[in-house]
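Structural features, examined
Residue strings, one per chain:
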Amino acid sequence: MEQKNWLEETAKQVLAAQVLETNHFTQKYGLALGKEDAALLAQERADMLRAQRRVEFGPGILPKIIYAFCDSSYIYQDNYRESLARLQEIFFQYKNEMMDELSDDELLAFMREQFDQVCCGDFGYLEGTCLEIFAQAVRAGYSGYEETEGKGEFGKIDIVKRWDRELYLEALFDLF
């Protein structure tokens, strides 16, 4: 019979309760989690911390993720729990990738901005492109995010050519 770690079990129960408390705020965006969803997210957090070899003290990052992303137009009730689980996974992965150089708030601000403005809700692009480029820059010594708290930084380090409205209009004008 498997012996449960009482400290981990208590932490999961506390986190689940804190996650449920966020419903008071997120309901105005049409988002709410049930007890089962909160328990699953708490379990996924415990699994992710173990996999990433991380430790969290206090309430952890999940409530902050909820508050940071609940008003995103790419998160809705049908994908809410899965989105939170994915964001939590990405967060822990990139805290490690960036060697804990960024504060939690700086990383969350960067993630949210890219998720809405560059990735259009695509978790794969957030993780595989935006955060990967940013992590490489941070590991190479980039620290411009410190002044802006992670906001408005991606354009400074982005190596991917993006759609340019003015260039598009110029090309359209040249066609006619």
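Before going into details, it helps to say that this report is about the structure given with it. The structure presented is a predicted model; accordingly, all values stated were derived computationally and were not measured.

**Notes on the overall build of the protein chain**
When you go through the protein chain residue by residue, the secondary structure sums to 10 helices and 0 strands. The linear arrangement of helices and strands in the protein chain, starting from the amino end, is α-α-α-α-α-α-α-α-α-α. Taking as baseline every contact in the protein chain between residues at least 6 positions apart, the subset at least 24 positions apart corresponds to 67%. Accessible surface, the protein chain as shown: approximately 10400 Å² in total, 52% of it carbon and sulfur.

**Some points on the packing of aromatic side chains**
Summed over the entire model, instances satisfying the criterion amount to 8 aromatic pairs. Ring centres 5.3 Å apart and planes at 70° place the aromatic pair Phe 25 and Tyr 67 in the edge-to-face group. With a gap of 42 residues between them, Phe 25 in helix α2 (residues 23–26) and Tyr 67 in helix α4 (residues 62–69) connect regions that are remote in the sequence. Among the aromatic residues, those joined into a cluster by ring pairs are Phe 69, Tyr 74, Phe 115 and Phe 123.

**Points about unusual backbone geometry**
Of note in the backbone geometry, Asp 100 takes a positive phi value of approximately 55° without being a glycine. By secondary structure assignment, the location of Asp 100 is in the loop between α5 (80–97) and α6 (104–117). Non-glycine residue Cys 120 carries a positive phi angle of around 50°. Residue position: Cys 120 is located in the loop between α6 and α7 (123–139).

**Focus on the packing of helix α3 (residues 35–52) against α5**
For any two helices packed against each other, the geometry comes down to the angle between their axes and how far apart the axes lie. At their nearest, the axes of α3 and α5 sit 10 Å apart, and the two run at 20° to each other. As summarised for this structure, α3 and α5 are arranged roughly parallel, according to the angle between their axes. As α3 runs across α5, the sense of the crossing is right-handed. From α3, Asp 37, Leu 40, Leu 41, Glu 44, Arg 45, Met 48, Leu 49 and Gln 52 reach across to α5, where they touch Arg 81, Leu 84, Ala 85, Gln 88, Glu 89, Phe 92, Gln 93 and Asn 96. Here the residues of the contact of α3 with α5 are counted per class, giving 7 nonpolar, 4 polar and 5 charged.

**Some remarks on the pattern of salt bridges**
Scanning all chains against the criterion turns up 12 salt bridges. Salt-bridge contacts for Glu 127 lead to Arg 86; the nearest nitrogen and oxygen are separated by 2.5 Å. Residue Glu 127 is located in helix α7, and its partner Arg 86 is located in helix α5; the two are separated by 41 residues in the primary sequence. A relative accessible area of 14% means that Glu 127 is categorised as buried. Residue Arg 86 is classed as partly exposed on the basis of its relative accessible area, which comes to 24%. Between Arg 112 and Asp 116 there is a salt bridge whose closest N-O contact spans 2.5 Å. Placement of both Arg 112 and Asp 116 in helix α6 is noted, with a separation of 4 residues, approximately one turn of the helix.

Definitions and limits used
Position labels on residues start from 1 in each chain and follow its written sequence. With pLDDT at 70 or above as the cut-off, local features in this predicted model cover only qualifying residues; side-chain atom pairs require 80 or more to be listed or tallied, and sums for whole chains, interfaces and linings still use all residues. The basis for every side-chain value is the complete set of non-hydrogen atoms in the structure, without hydrogens or water. Strands are runs of DSSP state E lasting at least two residues, helices are runs of H or I lasting at least four, and both sets are numbered from the N terminus onward. Any pair of residues with heavy atoms lying within 4.5 Å of one another is described as a contacting pair. Working definition of accessibility: Shrake-Rupley area with a 1.4 Å probe, residue cover restricted to the visible protein chains. Pairing of aromatic side chains requires ring centres within 6.5 Å, counting the rings of Phe and Tyr and the six-membered ring of Trp. Pairs whose planes differ by under 30 degrees are stacked, by over 60 edge-to-face, and all others tilted. Only the contacting stretch of a helix is used when fitting its axis, a line to C-alpha atoms as for every element, and angles between N-to-C directions run 0 to 180 degrees. Between 65 and 115 degrees an angle is taken as roughly perpendicular, under 35 as roughly parallel, over 145 as roughly antiparallel, and anywhere else as oblique. Crossings are classed by handedness, with left-handed meaning an anticlockwise turn of the near helix from the far one by less than a right angle and right-handed meaning a clockwise turn. Throughout, the ten residues Ala, Val, Leu, Ile, Met, Phe, Trp, Tyr, Cys and Pro are labelled nonpolar, Asp, Glu, Lys and Arg are labelled charged, and all others, Gly among them, are labelled polar. Salt bridges are defined by distance alone: a side-chain nitrogen of Lys or Arg within 4 Å of a carboxyl oxygen of Asp or Glu. Here's how the labels work: a residue is buried when its accessible area is under 20% of the maximum for its type, exposed when over 50%, partly exposed in between, all with a 1.4 Å probe on protein chains only.

By themselves, these observations are geometric and do not establish any function.
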